[in-house]
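Secondary and tertiary structure notes
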Amino acid sequence: LPFMGATLQGEFRELCGLVPATLRVESVPDVNECLPHRLKSQGWSTQAFHGASSKMYHRDRLYPALGFERNYFMQQLISKSVRCNSIPGTCDYSIAPQVVNTLRRDGKQFTYCLTLNSHLPYRESDLSSLKVKNEVCPILQLKGSRCTHAALVYDFMISLKGALTGHPIPGLQIVLVGDHMPKFFELEPRADFYEGAVPYINLKVPSEAEAIALED
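For the structure given in this document, a descriptive report is provided here.

Cut-offs and rules
- Think of each chain on its own: its residues are numbered from 1, step by step along the sequence as written.
- Residues qualify for local features only when their pLDDT is at least 70, as the model is predicted, and side-chain atom pairs are given and counted only at 80 or more; totals for whole chains, interfaces and linings, by contrast, use all residues.
- Side-chain numbers here rest on the full set of heavy atoms in the structure, without hydrogens or water.
- By definition, disulfides here are pairs of cysteine sulfur atoms that lie within 2.5 Å.
- Only DSSP runs of H or I covering at least 4 residues are called helices, and only runs of E covering at least 2 are called strands; the numbering of each starts at the N terminus.
- Type-normalised accessible area, obtained with a 1.4 Å probe on protein chains alone, sets the label of each residue: buried when under 20%, exposed when over 50%, and partly exposed for intermediate values.
- For our purposes a nonpolar core is just a set of buried Ala, Val, Leu, Ile, Met, Phe, Trp, Tyr and Cys residues, chained together by side-chain atoms within 4.5 Å.
- One speaks of a salt bridge when a side-chain nitrogen belonging to Lys or Arg is within 4 Å of a carboxyl oxygen belonging to Asp or Glu.

Applying the stated criterion across every chain, the model contains two disulfides. Disulfide pairing is shown between C16 and C34; the S-S distance is 2.0 Å. Its S-S torsion of approximately 105° makes the covalent link between C16 and C34 right-handed. Of this pair, C16 sits in helix α1 (residues 7-16) while C34 sits in the loop between α1 and α2 (35-41), placing them 18 residues apart in sequence. A relative accessible area of 14% places C16 in the buried class. Accessibility expressed as a relative area gives 0% for C34, which makes it buried.

Note that N134 resides in helix α6 (residues 131-140). For the pair N134 and A151, spaced 17 residues apart in sequence, the C-alpha separation works out to 8.7 Å.

Glancing now at the nonpolar core. Judged by nonpolar contacts, the single largest core of 17 residues is most densely connected at F12, L15, V28, Y63, L66, F68 and Y112. Secondary structure elements with two or more residues in this core: α1, α3 (59-66) and β3 (109-114). Ranked by the residues each element gives to this core, the list is headed by α1, at four residues. Formed by eleven residues, the second largest nonpolar core is a distinct cluster that contains A96, V100, I174 and L176.

Pairing is possible between side chains that carry opposite charge, provided their charged atoms lie close to one another. A full pass over the atoms with the stated rule returns five salt bridges. Between K55 and D60 there is a salt bridge, and its shortest N-O distance comes to 2.8 Å. Looking at K55, the relative accessible area reads 55%, which means it is exposed. A salt bridge links R146 to D192; the shortest N-O distance between them is 3.0 Å. Of the two residues, R146 sits in helix α7 (residues 144-165) while D192 sits in the loop between α8 (187-190) and β5 (200-204), which places them 46 residues apart along the sequence. Judged by its relative accessible area of 46%, D192 falls in the partly exposed class.

Have a look at this one:
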């Protein structure tokens, strides 16, 4: 996706189709057109997760305004999660099971999760285990901060996968999308990314009917 901007602007891009010109957002135009609002009006339950403080960028005010009924920030997550060393908040891998649990509730569910500790500065101490680097970096031939960043992203992904594969959710759709190009202090790792675009991956778990058809 073509995009240049900061995290909050990336959030508005995905949730509302808007890119604010400032990070001091006081109100949202046409807020009823934002995806959480639209889904809620159609009978979906909506919830958001972010491991940082709810006060950062006033998300405690913005997320409800966008249409999220339940919001989980560091204040709500810390008792069942691991505290980060890089940024004040909870480590992404440790909240993945809580994110997945909301998808198992009755009715149609829309759950949004903004990751935290795969943001500069990248710290090995925010990994679930130092072994994670050995699963990622040798294969991708990465070193230094580039290696740690990839390991942090992988750590969350593998935790998400583990929470889902034990008891799959038929028909579940997952969209993984970047907010902005990863930041690095060094010049060399930046060459691996294109500043004017972010990647996305769209995954879908087959519904029960689709799974039977695949078996046939």
